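Spelled out, the chains give:
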Amino acid sequence: MLESASTPPRRTRQLRSLLESAALEFLLEAHNGLSARIVEEAGFKGIWASGLAISAQLGVRDNNEASWTQVVDVAEFMADVTTIPILLDGDTGYGNFNNMRRLVRKLEQRGVAGVCIEDKLFPKTNSFIAGDRQPLAEINEFCGKIAAGKDIQSDDDFCIVARVEALIAGWDMAEALRRAEAYRLAGADAILIHSKLSRPDQILEFAQEWANRLPLVIVPTKYYSTPTEVFRRAGISAVIWANPLIRAAASAMQSVAAQIQREQSIAEVEDRIASMEEIFRLQGAEELEAAEERYFGARQNETRAIVLAASRGDGFASLTDDRPKVMLPIAGKPLLRHLVDKLKKRGIDDITVVAGYKAEAIDVGGIRVLINQQHSTTGELSSLRCARQHFTEDFVLIYGDVLFRSYILRDLLESEAPITVVIDSSQTQLTSDAGDFAWCSEADDRSSWGQAVRLKKISSGMGNSGAAPHGRWIGIVRVCGPGRDWFESALSGLRERADFDRLSVPDLINQLIADDKPVQVWYVHGHWLDVNSVRDLERAGNFAAGSH
Ligand code: SPV
Ligand code: MG
């Protein structure tokens, strides 16, 4: 297979380099897809697909109780979610030379870079269980297995590591060396010399006698207190940390399970276990979301919503001590729930809420919550920027504190203009306690539905001594097609301003007008309200009670 400069080397090549490099390298055990991914993320160059750990996570013994195809299936899950090479612990090769051939073929097909086989008899027993009562394979028979594997592999870089169990089974160093040499001549790519002593003496003696005839691999499960530098000086090629992750998983699960059982609650363990988000990340949820955007044509055209909900709300005194304004109850449910229900009713399911003050109190299902960490010192446009990766070619931007009759949203979704703002033509009196008044190209001609009117300006009205406004913006903007780019560039432009942190959505809309972009007006006449004070809560309750 050809490799270009930009693609990483095939995994078989990576494993070969790892074994043959002059440096001491490390493989860490993994036992399923999740742990394999964790090994790669931790920076390891290779994965040991441990027979002990894979059988343990299946809940069976390391005695070939799991069938070889079950083991290979697990290895395939591991290969699917990683890019580094996997060396499978192939036990004894699961049979004779013929079984070994089939194993190698299947491993190559499934993206496993190499296999390690040990010179014991099927069904094997873990080397640390009654090792000295474990019979060894006959040398010639084992050499035949190695040769058969090498002959069948289609990728020259696929590695077969021959594991010498002589020292485990109570034989002497001469036997270990005799076997290693025979396996080398049979075609093995590396020798794994195993020892169950708590000191590295046997390993170091073997390494010295072996004198690098082939790369040497070790598994310091028992002599783990040996400084790694000792292995490096002895010329070892690779160290396999054979089982720390399955043991870490077991002790973490035991401790968490016991605590939950004791406390009949998960509240205390919640903060010391991986978050749901972390699990989603490890599963690659983000990639699927991106792929859906690319391939799920229908979803691309879906209208989405961005809701600004970062403020505490100044007018509510202690009512907002423990929650943001949008979580105040209105007619039995939080204000934000009303809004989300309205959006969902109109088929808008992708809802991004930008929270800030007491964000943790936002407890509404079916939304994505982003947090403006600087909410206490910044304004609406800063919050909006937090959601900029969710600007699509069709989205609605809404203040989190508005309630409105559903038809307003339904009609707005009919608009195909790049930018549309909803203006209430029933409010044409400038008042000091309300802002966001709108001046338009024409007043609302209530006899013609859907007239083409352009917005000229939104302002609080202060300093507008001239004409009366044509209405009040209700806090809803729809952005479509090219409107998205206009919207983004107006936002980027304003970001350059020194006072960006104080700017609000009307400043952005005015910037669009200043950029010569048409901002379409959609007139409504009442049928909405925003919640800014304790007095508004009662009005909102009545309004919501009347909305079905
Ligand atoms: C394994 O990890 O399954 C091994 C290494 O074979 S050991 O358990 O140390 O023998
Ligand atoms: Mg094993």
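What counts as what
Residues numbered from 1 in each chain as written. Chains lettered and ligands numbered in written order. Predicted model: local features only at pLDDT ≥ 70, side-chain atom pairs only at ≥ 80, totals over all residues. Heavy atoms only, no water. Domains from an automatic or database assignment. Axes fitted to C-alpha atoms, helices over the stretch in contact; angles between N-to-C directions. Helix = DSSP H or I, 4+ residues; strand = E, 2+ residues; numbered from the N terminus. Left-handed = near helix turned anticlockwise from the far one by under 90°. Contact = heavy atoms within 4.5 Å. Nonpolar A, V, L, I, M, F, W, Y, C, P; charged D, E, K, R; others polar. Buried < 20%, exposed > 50% of the residue type's maximum accessible area, 1.4 Å probe, protein only. Pairing = 2+ DSSP bridges. Polar contact = N/O pair within 3.5 Å; in protein donor to acceptor, adjacent residues only side chain to side chain. Salt bridge = Lys/Arg side-chain N within 4 Å of Asp/Glu carboxyl O. Near = heavy atom within 4 Å. Areas by Shrake-Rupley, 256 points an atom, 1.4 Å probe, with all protein chains shown as cover. Phe/Tyr/Trp six-rings, centres within 6.5 Å; stacked < 30°, edge-to-face > 60°. Lys NZ or Arg CZ within 6 Å of the ring centre and 35° of its normal.

Q: Even after reading the chapter, I still don't get the domain arrangement of the protein, so can you show me in this structure?
A: Where interface size is given, it is often the accessible area lost as the parts come together that is meant. Under the domain assignment, the protein is made up of domain 1 (14-250), domain 2 (265-299) and domain 3 (303-544). Relative to domain 3, the C-alpha centre of domain 2 lies at a distance of 29 Å.

Q: Whenever I open this one, the packing of helix 5 (residues 97-109) against helix 6 (residues 139-152) confuses me. Can you help?
A: Helix-helix packing is described using two parameters, namely the angle between the two axes and the distance between the axes. Their axes nearest at 8 Å, the elements helix 5 and helix 6 cross at an angle of 35 degrees. Judged by the sense of rotation from one axis to the other, the crossing of helix 5 with helix 6 is right-handed. Residues Phe97, Met100, Arg101, Val104, Arg105 and Glu108 of helix 5 form the contact with helix 6, whose own contacting residues are Gly144, Lys145, Ala148, Gly149 and Ile152. Partitioning the contact of helix 5 with helix 6 into residue classes produces five nonpolar, two polar and four charged.

Q: Got a minute to help me understand helix 14 (residues 335-345) in this structure?
A: A turn of α-helix holds 3.6 residues, and therefore any two residues three or four places apart point the same way. For helix 14, every residue scored as buried is listed here: Leu335, Leu336, His338, Leu339, Val340, Lys342 and Leu343. Immediately beyond the C-terminal end of helix 14, within one or two residues, lies Gly347, with a positive phi of roughly 80 degrees.

Q: How should the sheet that holds strand 3 (residues 86-89) be read in this particular structure?
A: Strand pairs in the sheet, formed through backbone hydrogen bonds, run parallel or antiparallel to each other. Pairing within the closed barrel is parallel, and its eight strands lie in the order 1-2-3-4-5-6-7-8. The average angle at which neighbouring strand axes cross in this sheet is 25 degrees, direction not considered. Bridge count for strand 6 (residues 190-193) against strand 7 (residues 216-218) is two bridges, and the pairing is parallel. Of the residues in strand 7, the one forming a bridge with Leu192 is Val217.

Q: Help me understand the side chain of Asp394, please; the structure alone is not making it clear to me.
A: Tracing the backbone shows Asp394 in strand 14 (residues 394-399). Side chain to side chain, Asp394 and Thr303 meet in a polar contact 3.0 Å long. In terms of polar contacts, Asp394 uses its side chain to reach the side chain of Arg478, at 3.1 Å.

Q: Sorry if this is basic, but what is going on with the side chain of Thr392 here?
A: Secondary-structure assignment places Thr392 in the loop between helix 15 (380-386) and strand 14. Within the structure, the side chain of Thr392 is placed 3.0 Å from the backbone oxygen of Asp394, a separation counted as a polar contact.

Q: I'm lost on the pattern of salt bridges in this one. Help?
A: Counted according to the given criterion, the structure contains 41 salt bridges. Note that Glu165 and Arg163 form a salt bridge whose closest N and O atoms lie 2.8 Å from each other. Judged by relative accessible area, Arg163 falls into the buried class, the value being 7%. Here the salt bridges share partners, and the residues they tie into one network are Arg10, Arg13, Arg16, Glu20, Lys150, Asp155, Asp157 and Asp189.

Q: Whenever I open this one, the site of ligand 1 confuses me. Can you help?
A: Near ligand 1 you find 13 residues, and of these Ser50, Leu52, Asp89, Phe128 and Arg163 are the closest. Gly51 is positioned such that a nitrogen or oxygen atom in its backbone is 3.2 Å from an oxygen atom of ligand 1. Between ligand 1 and Leu52, the relevant distance is 2.7 Å, taken from an oxygen atom to a main-chain nitrogen or oxygen of the residue. Protein coverage of the free-state accessible area of ligand 1, which is 280 Å², stands at 100%. Split by residue class, the shell around ligand 1 holds five nonpolar, six polar and two charged.

Q: Is there a simple way to explain the packing of aromatic side chains in this structure?
A: Two aromatic rings are characterised by how far apart their centres lie and by the angle between their planes. One pass over the structure, following the stated rule, counts nine aromatic pairs. Between Phe391 and Phe487 the ring centres are 5.5 Å apart and the planes differ by 80 degrees, which places this aromatic pair in the edge-to-face class. On the criterion of sequence distance, the pair formed by Phe391 in the loop between helix 15 and strand 14 and Phe487 in helix 17 (residues 483-495) is long-range, its members being 96 residues apart. For Phe487, a relative accessible area of 1% gives the class buried. Joined through ring pairs, the aromatic side chains of Phe391, Phe395 and Phe487 make up one cluster. Directly above the aromatic system of Phe543 lies the positively charged group of Arg405, at a separation of 3.7 Å from the ring centroid.

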